[in-house]
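Reading the structure
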Amino acid sequence: MSDLEELKQAINLFAKERDWEQFHNAKDLALAISIEASELNQLFLWKSAEDVNIQKLKEELADVINYSLLLASKLELDVKEIVLEKIKKNAEKYPIDKAKGSAKKYNEL
Ligand SMILES: [Mg+2]
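Let me sum up the structure you'll find in this document. Not measured: the values here are computed from a predicted model. (Residues numbered from 1 in each chain as written. Predicted model: local features only at pLDDT ≥ 70, side-chain atom pairs only at ≥ 80, totals over all residues. Heavy atoms only, no water.)

As for the nonpolar core
If you look at the biggest cluster of nonpolar residues, it comprises nine residues: Ile 11, Leu 29, Ile 33, Val 64, Leu 69, Leu 70, Leu 71, Ala 72 and Val 79. Of all the secondary-structure elements, those providing two or more residues to this core are helix H2 (26–42) and helix H3 (54–74). The element that contributes the greatest number of residues to this core is H3, accounting for five residues. Ala 72 has contacts with Leu 77 and Val 79, leaving out every residue within four places of it along the chain. (Core = buried A, V, L, I, M, F, W, Y, C linked by side-chain atoms within 4.5 Å. Buried < 20%, exposed > 50% of the residue type's maximum accessible area, 1.4 Å probe, protein only. Helix = DSSP H or I, 4+ residues; strand = E, 2+ residues; numbered from the N terminus. Contact = heavy atoms within 4.5 Å.)

Some remarks on the packing of aromatic side chains
Where two aromatic rings form a pair, the distance of their centres and the angle of their planes describe that pair. Applying the stated criterion to the full structure yields two aromatic pairs. Measuring from centroid to centroid gives 5.5 Å for Phe 14 and Trp 20, while their planes differ by 75 degrees, and the two rings are edge-to-face. Between Tyr 94 and Tyr 106 the ring centres are 5.9 Å apart and the planes differ by 85 degrees, which places this aromatic pair in the edge-to-face class. Taken together, the residues Tyr 94 in the loop between helix H4 (79–93) and helix H5 (96–99) and Tyr 106 in the segment after H5 connect sequence positions 12 residues apart. A residue is classified by how much of its surface remains accessible, and Tyr 106, at 36% relative accessible area, is partly exposed. A cation over an aromatic ring shows up here: Arg 18 above the ring of Phe 14, its NZ or CZ 3.9 Å from the ring centre. (Phe/Tyr/Trp six-rings, centres within 6.5 Å; stacked < 30°, edge-to-face > 60°. Lys NZ or Arg CZ within 6 Å of the ring centre and 35° of its normal.)

Description of H3
An ideal rise of 1.5 Å per residue puts 30 Å on 21 residues; H3 measures up with 30 Å between its terminal C-alpha atoms. Of the positions making up H3, those classed as buried are Leu 57, Glu 60, Val 64, Leu 69, Leu 70, Leu 71, Ala 72 and Ser 73. Those residues of H3 hidden inside the fold are in contact with helix H1 (3–17), H2 and H4. The N-cap of H3, judged by a side-chain oxygen 3.0 Å from the amide nitrogen of Gln 55 a few residues on, is Asn 53. After H3 finishes, the residue Glu 76 shows a positive phi value of roughly 55 degrees. (Expected span 1.5 Å × (residues − 1). Polar contact = N/O pair within 3.5 Å; in protein donor to acceptor, adjacent residues only side chain to side chain.)

Below, the structure is given as structure tokens:
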């Protein structure tokens, strides 16, 4: 079993054991990802990046990933496939010769 599949099974089992699958529709999982991303952002609010609490960062990042895995499961999406597809798409939007060392958005390159 891949590491990714192991993670998906673990978070799905966690939800199943608590009978929480009934709450996990795509809309609410998407909202949960956004809320957890905000909690991650909140750790950086009013401080410099190096002052962030790394333990709390790990926990909020894990929350984002866990809800992302639940959403992917709900929609029967292949996480590896969609992530690699998006990297490929981004590589086309951000060709190395134009984007290397630049923080500009693709439409400004
Ligand atoms: Mg959280």
